[in-house]
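Residue-level structure breakdown
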Amino acid sequence: MIRTDVVVVGGGLLGCATAWTLARDGVGVVLLERDQINAHASGQNAGSLHFQLEYRMVERGLEAAQVAAEAMPLHLDAAARWSELGEAFGPSLGVAQTGGLMLAETADQARVLEAKGDLERSHGLDVRLLSGDEIRDVAPYLSPSIVAAAFCPIEGKADTRTAAPALARAAADLGAQVSTRTEVVGLRRVGRGWQVSTRHTDAVGNQVGEEIQADVVLLAAGVWTQHLGQMVGLDLPIIPLALQMNVTARTPKFLPHLVQHAGERLSLKQSQDGTVLIGGGWPARLRRDASGRPRLSERPHLLHDSVVGNARAALRAVPRLAGIPLLRTWVGMTTVAEDQLPVVGPVPGRPGLFLATGGSAFTLGPTFARVLADLAQGLEPTIDLAPYGPQRFGESIDVA
Amino acid sequence: MAEPLTCDVALVGAGPAGMMAALTAADHGLRVTVVDEQRRPGGQIFRQRPPEFPHQPWTPPAGYPWASSLLERAESATDIDWRFQTTALGVVHEERDDGILLATTGPGGSALLRARRLVIATGAFDMPVPVPGWTLPGVMMAGAVQTLLKSQQVLAAERLVLAGSHPLLLLVADQLRSAGADVAEVALARGLPTPREALGSLGAVPGHLSLLGDSARAVARLVAGGVRISPRTVVTAAHGHRHVEAVSLTQVDRQWRGVGQARRVEADALVLGYGFQPSAELARQAGCAMRWDSPAGGWVVAHDDRMATDVPGVYAAGEPVGVSGAEMARSQGRLAGLGVVSDLTGHNVDVELEEADRSARRARRFARVVQRMFAPQREALADLAGSDTVVCRCELVSRGAIEQVLDANPGMSTANAVKLECRSGMGPCQGRYCETTVGTLVAGRTGRPVAQVGHFTAHFPIKPVPLSVLGELDGDVTSGACAHRHHRAEGSQESGE
Ligand SMILES: Cc1cc2nc3c(=O)[nH]c(=O)nc-3n(C[C@H](O)[C@H](O)[C@H](O)COP(=O)(O)OP(=O)(O)OC[C@H]3O[C@@H](n4cnc5c(N)ncnc54)[C@H](O)[C@@H]3O)c2cc1C
Ligand SMILES: Cc1cc2nc3c(=O)[nH]c(=O)nc-3n(C[C@H](O)[C@H](O)[C@H](O)COP(=O)(O)OP(=O)(O)OC[C@H]3O[C@@H](n4cnc5c(N)ncnc54)[C@H](O)[C@@H]3O)c2cc1C
C-alpha cells in the first residue's frame with residue numbers, strides 16, 4: 001500500500017498542471033494515467049486560448065450568452081496564468097497570446113459581435129470591434145468578405161502536443177510520482193481519506209493491482225469523469241462530445257492570430273511548427289452501444305458533413321488555404337454541461353473528493369489546477385466557485 | 001438512404017488481390033467500383049508500362065503463369081467501374097450510418113463513393129531502414145528501383161550496391177544487370193539458406209518450384225557475371241557529398257550485429273531491400289483492428305476466414321493482411337470476393353470458397369516459410385541508425401531526438417506518444433517511413449514488446465490533399481452513369497435506389 005497526500009486521476013493537461021501546482025506547493029502527489037500522458041483531449045484539441053464567448057455560446061441568443069459569460073472570472077484568471085506559464089516554461093508550452101479575432105461576414109453577425117462585446121466588457125474583458133478597413137491592416141490574410149471583427153488582445157494559443165508532457169516532467173522533477181498505463185478501478189472512502197485501487201499493465205502485459213491511500217483525490221479524467229463518478233455512487237450530468245480537428249502541412253508563417261467566426265463553427269491558428277490548425281467545434285459521432293450508451297474506448301466516427309463544412313468555413317475566411325495540403329483530420333472527445341458552464345469544485349457528500357471538467361478545459365486548465373490545488377490543501381480558492389460547482393446539479397445525482 | 005449507391009462493392013487496389021476480388025464479385029452480378037492510383041491494373045508485381053509506350057508484349061514474372069490471363073480479364077471487364085489515377089482518401093460517415101462512404105480524389109475531382117461493402121487491397125511498400133547517409137540522393141528502395149525499370153524502363157544508376165535480406169533483392173540485381181547496370185556487390189544480411197532450411201522449405205514449395213528456381217537462376221547468373229554476393233553482410237553507411245559515392249559494408253553475426261571492420265565500396269547508388277510492410281493506412285483509418293506479425297511485415301490487418309475485418313462491411317485482402325506474395329494475394333482476393341458475394345447475395349458459393357480456401361492454404365504454407373526464412377532482425381536494423389541519422393524524413397527527427405524524448409519522459413511507452421511529442425510520423429507520409437523504427441526504438445528502450453508499443457493511428461486523408469479537395473467532397477459525379485451501366489445484384493435485400 002502506497003500512501004500519499006493527493007492522488008490525481010488523469011494525465012491530460014488538467015491532471016499534469018494540477019500535479020505540478022501541488023508539487024510546487026510541497027504537497028505529496030501521485031498522478032495516475034490509464035494510457036499515456038496527453039493521449040486524449042489534451043493532446044487532440046485545438047489549443048485555442050479563447051476568452052471571448054465562443055460561437056457555441058452566442059448561437060443560442062443573448063440569454064444563453066449571459067449564462068456563459070458567468071465563466072468570465074475563470075477565463076480572466078486563466079489568461080494571466082497562461083502568460084506566466086509561458087514565461088516559466090518557454091517553447092515547450094508554446095504559449096503565444098498575440099490576439100484573437102472573431103469574424104463577422106454579415107450585418108447581423110456584426111450586431112452579435114457588438115452585443116457580445118458589451119457583455120464581455122461588463123465582465124472586464126478587453127475586446128473591441130474592428131471595421132473592415134482596420135481588419136485588412138491587422139489581418140491581411142482574411143477574406144474581403146469579412147465586414148467586422150471583435151479583437152481580444154489576450155487571446156492566443158498553446159501547444160497541445162507538448163504542453164501536458166512538459167508539465168508532467170516538471171511535476172516529476174519536483175517529486176510528484178507520475179504513473180502511466182495505470183488505471184484507477186475503484187475509489188473507496190476509508191477513514192478520513194480515500195483508498196484508490198489501481199491496475200497497472202507491466203512490460204510483459206500482466207495486470208498488477210496496487211492500492212493507494214490518499215487524503216484527497218482529484219478527478220481530472222476528462223470524458224471519463226462520469227465513470228469515476230459512478231465509482232463513488234454519483235451520476236454526474238456531464239455530456240460527452242466528439243469533435244473534429246484538421247491540420248495542414250507546414251507553411252511559412254502568415255497567421256499570427258487565433259481566428260474564430262461569429263456565424264459558424266471555425267477556429268484557425270498557425271502552430272509554432274508552421275502547420276495551420278483548423279477546428280471550431282465541428283461534430284464527430286460518438287460510438288454507442290445497442291442501448292445508446294457512448295462507448296468511450298472507441299474512436300468516434302468522422303462525419304462527412306463536418307469534413308466538408310469545416311474545410312469550406314476555413315476556405316471562406318482565409319482563401320489562401322485552398323492550395324495548402326491538408327495532412328490530417330482527427331477526432332477527440334470532450335465534455336460539456338447542459339448550461340455550457342465549466343464544472344469545478346468539491347463533490348457533494350464526498351469529503352476530500354474534487355473534480356474539474358467541462359467546456360474549454362484546455363484554456364481553463366491552469367486555473368482549474370490552481371483551484372483544485374487550493375481545495376486539496378483546505379485553502380479557500382481565490383475565485384468564488386459557487387456558480388461552477390457540481391452541487392448545482394442538485395441531489396438527484398447522488399445514486400449511492 | 002437518400003443518396004443513390006455508387007456500387008455494391010467498392011474496392012481499393014487493382015493488384016492481384018483487388019483484381020481477383022473485383023472479378024469474382026462482378027461474376028456474381030454485383031456492381032463493382034475499383035479505385036487505384038496507377039494508370040492500369042496490375043498492382044506492384046504485374047505493373048505495366050504506360051499505354052503510350054511502344055507496344056511490347058508483356059511478360060509475366062516467372063512463377064505466375066496465371067498473371068497474363070488475370071490481367072487480360074481485368075482489362076476487358078467493362079462491367080466493372082475502374083477508376084484509375086484515383087486515390088482513396090479514407091472512410092467517412094454520416095449521422096445515420098448505413099453503408100460505406102469512401103472519399104476519393106482523381107482526374108475528375110473528388111468523389112464520395114457509396115457502397116455496401118469495401119474491400120481493401122492496397123498492397124505493400126518497401127520497408128525503410130535508416131542508416132547514416134540514407135537520405136542522400138542515390139539511396140533507393142529495391143521496389144522503387146524495380147518499378148522504374150518495369151514501368152518506365154529507366155535504370156536508376158550505373159554502378160550499384162544492393163543490400164538487404166529479401167529475396168526480391170536478388171531478382172532486382174539480376175534485372176538491373178541484364179539491363180546493363182554494373183552491380184558492384186549484393187550484401188545479404190542473412191546467410192545463404194542452409195541445407196536444413198532448404199529441406200524445410202521443400203514441403204511448402206510444390207507449385208512454387210519455378211519461383212525458387214527463378215531466384216536460384218538469378219543467383220547463378222549474377223555469380224557467373226562476376227557479381228560479388230556477400231552473405232552475413234549489411235550496409236552500415238552511405239557516403240557522398242551531394243550524392244552517393246560509396247557505401248560501407250560490415251560483416252554481421254546471426255543476429256545481424258556487426259563484427260569486424262567496415263569496408264568501403266565505390267558506387268553511385270545504394271539499393272535497400274529488407275522486405276515489405278503492409279500498406280494498411282486505409283484499413284487503420286477505417287478502424288480495422290491490427291495484429292503484430294513481424295515476419296509478415298509488421299502490423300497487419302486482422303481478419304476472419306473470409307477476409308472480413310472487425311469493422312462491419314469492410315474486407316481486406318492481399319498484402320495489408322500480411323506480406324505473402326502474389327499467389328497468396330490472388331487467393332485472398334478470391335476469398336474476399338466470395339465472402340462479399342455470399343454476404344450480399346446469399347448465393348451458395350461453398351464450392352468456390354472451398355477451392356479458394358485450398359489454394360490460400362497452399363500459398364500460406366509457402367509464404368510462411370519464406371517469411372520466416374527472410375524475417376528482418378528489427379532491433380539490429382534499428383541500431384544501424386546513428387544518433388544523428390534522420391529517422392522521420394518528413395519532420396527531420398533523428399534517432400537521438402527520439403531517444404532523448406524517451407529518456408526525458410520515463411512513462412512514455414507507445415509509438416503514438418512519441419509521435420505526438422517529437423513529430424516523428426506527423427509529416428506528409430503519415431509515418432510510413434518511420435513507424436517501424438520508432439516502434440522498435442520504443443520497444444528496446446522500454447523493454448515492452450512492439451505489440452504493446454502499438455502503431456501510429458492513421459488519419460483521414462491517408463494521403464495529403466489540398467484543402468480545396470475536401471471542400472469539394474460532395475457527391476459522386478459519375479455515380480449515375482455507373483449505376484445505369486450495371487445490372488442489380490440478384491437477391492439483394494437492401495438497396496439505395
Ligand atoms: C477536437 C477538440 C478541440 C478542442 N478545442 C479546444 C480549444 O481550442 N480550447 C480549449 O480550451 N478546449 C478545447 N477542447 C476541450 C479540451 O481539449 C478539454 O476540455 C481538455 O483537454 C480537457 O483536459 P483534461 O486533462 O481534463 O482531459 P483529458 O485530456 O481527456 O485527460 C483525461 C485523462 O484521464 C485519463 N483517465 C480517464 N479515466 C481514467 C482512470 N479510470 N484511471 C486513470 N486515468 C484515467 C484518460 O486516459 C485521459 O488521459 C477541445 C476538445 C476537443 C476534443
Ligand atoms: C515496389 C514493389 C515491387 C514488388 N515487386 C515484386 C516482384 O517483383 N515479385 C514479387 O513476387 N513480389 C513483388 N512485390 C510484392 C508484391 O507486392 C506482391 O507479390 C503482390 O503484388 C501483392 O499484391 P496485392 O494485390 O496485395 O497488392 P499490390 O499489387 O501492391 O496492389 C495494390 C494496389 O493498390 C493501389 N493503392 C494502394 N493504396 C491506394 C490508395 N490509397 N488509393 C488508391 N489505390 C491505392 C496501388 O496503386 C496498387 O496498384 C513487390 C512489392 C512492391 C511494393
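Anything mentioned here points back to the structure above.
Parameters at a glance
Residues numbered from 1 in each chain as written. Chains lettered and ligands numbered in written order. Predicted model: local features only at pLDDT ≥ 70, side-chain atom pairs only at ≥ 80, totals over all residues. Heavy atoms only, no water. Salt bridge = Lys/Arg side-chain N within 4 Å of Asp/Glu carboxyl O. Helix = DSSP H or I, 4+ residues; strand = E, 2+ residues; numbered from the N terminus. Buried < 20%, exposed > 50% of the residue type's maximum accessible area, 1.4 Å probe, protein only. Near = heavy atom within 4 Å. Polar contact = N/O pair within 3.5 Å; in protein donor to acceptor, adjacent residues only side chain to side chain. Areas by Shrake-Rupley, 256 points an atom, 1.4 Å probe, with all protein chains shown as cover. Nonpolar A, V, L, I, M, F, W, Y, C, P; charged D, E, K, R; others polar. Phe/Tyr/Trp six-rings, centres within 6.5 Å; stacked < 30°, edge-to-face > 60°. Core = buried A, V, L, I, M, F, W, Y, C linked by side-chain atoms within 4.5 Å. Contact = heavy atoms within 4.5 Å. Buried area = accessible area lost by both parts, 1.4 Å probe. Pairing = 2+ DSSP bridges. Axes fitted to C-alpha atoms, helices over the stretch in contact; angles between N-to-C directions.

On to the pattern of salt bridges. Residue and element names in this part refer to chain B. Within this structure, the stated rule accounts for 47 salt bridges over all chains. Two residues, R330 and E327, come together in a salt bridge whose shortest N-O distance is 3.3 Å. Taken together, the residues R330 and E327, both in helix α8 (residues 325–345) and three residues apart, mark about one turn of the helix. Look at R330 and you get partly exposed, because its relative accessible area is 24%. Classification of E327 as buried rests on a relative accessible area of 16%.

Glancing now at the site of ligand 1. All names here are of chain A. What surrounds ligand 1 is a group of 36 residues, the closest being E33, S42, V184, A361 and T363. Within the contact set of ligand 1, an oxygen atom lies 3.5 Å away from a side-chain nitrogen or oxygen of N45. At 3.3 Å from a nitrogen atom of ligand 1 is found a main-chain nitrogen or oxygen belonging to A46. Out of a free accessible area of 1000 Å², ligand 1 has 96% covered by protein chains. When contributions to the shell around ligand 1 are tallied by element, the ones reaching two or more residues are α1 (13–24), α2 (41–44), β9 (182–190), β12 (238–248) and β16 (325–337). Classifying every residue of the shell around ligand 1 gives 16 nonpolar, 16 polar and four charged.

Residue and element names in this part refer to chain B. In the neighbourhood of ligand 2, 33 residues make up the surrounding shell, with D36, Q44, A88, Q146 and E319 lying closest. In the model, an oxygen atom of ligand 2 is placed 2.7 Å from a nitrogen or oxygen of the D36 side chain. In the environment of ligand 2, an oxygen atom lies 3.1 Å from a nitrogen or oxygen atom belonging to the backbone of A326. Within the complex, the protein chains bury 92% of what would otherwise be the 960 Å² of accessible surface of ligand 2. Among the elements of the structure, α1 (16–27), β4 (87–92), α3 (142–152) and α8 are those that each provide at least two residues to the shell around ligand 2. For the shell around ligand 2, the leading source of residues is α3, giving four residues. Counted by class, the shell around ligand 2 contains 15 nonpolar, 14 polar and four charged residues.

Let us look at the packing of aromatic side chains. The geometry of two aromatic rings is summed up by the distance between their centres and the angle between their planes. Residue and element names in this part refer to chain B. Going through the model one piece at a time under the given rule, you end up with 10 aromatic pairs over all chains. Taking the centre distance of 5.5 Å and the plane angle of 85 degrees together, the rings of F46 and W66 count as edge-to-face. Placement of F46 in the loop between β2 (32–35) and α2 (67–76) and of W66 in the loop between β2 and α2 is noted, with a sequence separation of 20 residues between them. For the pair F46 and W66, one class covers both residues: buried.

Counting residues in hydrophobic clusters, the biggest one holds 89 residues, and the most contacted among them are V9(B), V32(B), I80(B), L102(B), L118(B), I402(B) and V438(B). Residues contacting V32(B), with those up to four places away along its chain left out, are C7(B), V9(B), L11(B), A22(B), A25(B), A26(B), I80(B) and D81(B). Ranked by size, the runner-up nonpolar core spans 74 residues in total, among them I212(A), A221(A), L266(A) and M333(A).

With that settled, consider the interface of chain A and chain B. Residue-level contacts link 41 residues of chain A with 46 residues of chain B. Interface of chain A and chain B: buried area, both sides summed, is about 3600 Å²; carbon and sulfur atoms make up 51% of it. Of all residues in chain A, R161(A), H304(A) and R328(A) give up the largest surface area on contact with chain B, accounting jointly for 19% of the area buried on that side. Here chain A is connected to chain B by four salt bridges. Ionic pairing is found between E395(B) and R250(A), a salt bridge with its closest N-O pair at 2.2 Å. If you look at where chain A meets chain B, you find 34 residue pairs in polar contact (both at pLDDT 80 or more). Of all the secondary-structure elements, those providing two or more residues to the side of chain A that touches chain B are α8 (163–173), β10 (193–201), α10 (304–317) and β16 of chain A. When grouped by side-chain class, the residues that make up the side of chain A that touches chain B number 18 nonpolar, 13 polar and 10 charged.

Residues and elements named next belong to chain B. Across the sheet, three strands lie side by side as β4-β5-β6; this open sheet has antiparallel pairing. Since the sheet does not close on itself, it has two edges, and those belong to β4 and β6 (109–115), each with one partner. On average, each strand axis in the sheet is tilted by 25 degrees relative to the strand beside it, whichever way the strands run. Pairing between β4 and strand β5 (residues 100–106): five bridges, direction antiparallel. Looking at β5, one finds that V92 is bridged to L101.

With that settled, consider the sheet that holds strand β14 (residues 267–270) of chain A. Taken in spatial order, the nine strands line up as β5(A)-β6(A)-β4(A)-β13(A)-β14(A)-β15(A)-β12(A)-β16(A)-β23(B) in an open sheet, and their pairing is mixed. Because the sheet does not close on itself, it has two edges, and the strands there are β5 (128–131) of chain A together with β23 (465–466) of chain B. Examined bridge by bridge, β12(A) and strand β15 (residues 276–279) of chain A share two bridges and lie antiparallel to one another. Bridge pairing links V247(A) to L277(A) in β15(A). Here helix α6 (residues 107–122) of chain A sits on the sheet and contacts β4 (100–104), β5, β6 (148–152) and β13 (258–261) of chain A; the angle it forms with β4(A), its principal contact strand, is near 140 degrees. Strands β4, β12, β14 and β15 of chain A of the sheet are contacted by α10(A), whose axis makes an angle of about 55 degrees with β12(A).

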